Amino acid sequence: MSWKEWVRGAEIEPSLYAADFSRLGEQIETVMDAGAKIFQFDVGDGHFIEPITIGPIVLQSISTLVHERGGILDCHLMIETPWKHFAAIKKAGGDSITVHYEACDDLPGVIAQARELGMATGVAFNPETEPDAVAEAAGELVDLVLCMSIHPGYSGQPFMRESIPRVRRLRELLPDEVFIQVDGGVGHDNVRDLREAGASLLVAGTSVFGQDDIGAAYRQLAGD
């Protein structure tokens, strides 16, 4: 399986980092009942980003539930040495790995290691990094490029409107088969603009899991 088979159009991708971890399995089932298929799983190490988030143990606890229902676990590694953790992420049930451009001096070599494990791949970049540099380095190496629309680390930050022209620039530079993903502050007031700019994977944390009815919140975003 690959991103070409997973993406059904413009996907709203719930970010599990924003979920209620005391009800994680229940909340996953609720948004899957509402139509969600792809989940982002954020890993932070306390170094590349300040918070220590979640890792392979949590991933393993939910991967069977997600996979049995036809879902995908998209693992965003906000860590300094992502390649050291590829095997553990794969074993725990991760389907795709996204590393940060800023954390990889040898991006082709890092991506090759993930490919050897049979994983789909992506590269993310922070607001301070120019899209042109990432597009040149990523080229046809990856399945997706993730444009951060907040500073990575904490859920609930406001969307950076300057991300929209950055997405548009990426779409001009990248091959058509490379998907563009956006993460950070995605909600009703920017979903349509991001889709029109060329993004087809829209990561939504607080705008799904921070709402009273998370199933309805997902459906409303998906319908925007």
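Asker: What exactly am I supposed to notice about the side chain of Gln27 here?
Answerer: Here Gln27 lies in helix H2 (residues 24-33). Those residues within four positions of Gln27 in sequence are excluded, and the remaining contacts are Ala19, Asp20, Phe209 and Ile214.

Asker: When you look at the side chain of Gln181 in this model, what are you seeing that I'm missing?
Answerer: Along the chain, the position of Gln181 falls in strand E7 (residues 179-183). With a relative accessible area of 0%, Gln181 lands in the buried category. Of the polar contacts made by the side chain of Gln181, one reaches the side chain of Glu13; its length is 2.9 Å. At 2.8 Å, the side chain of Gln181 forms a polar contact with the side chain of Asp74. Discounting residues that sit within four places of it in the chain, Gln181 has contacts with Glu13, Gln40, Asp74, Leu144, Val145, Leu146, Cys147, Leu201 and Val203.

Asker: Explain the pattern of salt bridges here, please?
Answerer: Side-chain pairs of opposite charge can arise where the charged atoms are in close proximity. This structure, assessed with the given rule, holds nine salt bridges. Close ionic contact of Asp20 with Arg23 constitutes a salt bridge, the shortest N to O distance being 3.2 Å. By relative accessible area, Asp20 is classed as partly exposed at 30%. Classification of Arg23 as partly exposed rests on a relative accessible area of 37%. Between Arg69 and Glu29 there is a salt bridge whose closest N-O contact spans 3.7 Å. On the criterion of sequence distance, the pair formed by Arg69 in the loop between helix H3 (56-68) and strand E3 (72-78) and Glu29 in helix H2 is long-range, its members being 40 residues apart. Given the relative accessible area of 36%, Arg69 is considered partly exposed. Connected through shared salt-bridge partners, Asp20, Arg23 and Glu26 make up one network.

Asker: I'm lost on the sheet that holds E3 in this one. Help?
Answerer: Neighbouring strands of a sheet are bound in pairs by backbone hydrogen bonds; such pairs are parallel or else antiparallel. The strand order across the open sheet formed by eight strands is E1-E8-E7-E6-E5-E4-E3-E2, and the pairing between neighbours is parallel. Of all strands in the sheet, those bounded by a partner on one side alone are strand E1 (11-14) and strand E2 (38-44). Averaged over neighbouring strand pairs, the angle between their axes works out to 25° when direction is ignored. Helix-sheet contacts for helix H7 (residues 163-173) involve strand E5 (120-125), strand E6 (144-148) and E7, and the interaxial angle to E6 is about 160°.

Quick notes on the rules
Per chain, the residues get numbers from 1 upward, laid out in the order the sequence is written. Local features are withheld for residues below a pLDDT of 70 in this predicted model, meaning they are given only at 70 or higher, and side-chain atom pairs are given and counted only at 80 or more; totals for whole chains, interfaces and linings count all residues. Processing note: side-chain calculations cover all non-hydrogen atoms of the structure and skip hydrogens and water entirely. Counting from the N terminus, the helices are the DSSP runs of H or I reaching at least four residues and the strands are the DSSP runs of E reaching at least two. Note on definitions: a residue-residue contact is assigned when non-hydrogen atoms from the two residues lie within 4.5 Å. Buried, partly exposed and exposed residues are distinguished by accessible area as a fraction of the type maximum, computed with a 1.4 Å probe on protein chains only: under 20%, between the cut-offs, and over 50%, respectively. Any pair of nitrogen or oxygen atoms within 3.5 Å is treated as a polar contact; in protein, a donor-acceptor pairing is required on top of that, and neighbouring residues in sequence qualify only through side-chain atoms on both sides. By definition here, a salt bridge exists when the distance from a side-chain nitrogen of Lys or Arg to a carboxyl oxygen of Asp or Glu is within 4 Å. Two strands qualify as a pair provided that DSSP identifies no fewer than 2 bridges between them. Lines fitted to C-alpha atoms define the axes, with helix axes restricted to the stretch in contact, and inter-axis angles between N-to-C directions lie between 0 and 180 degrees.

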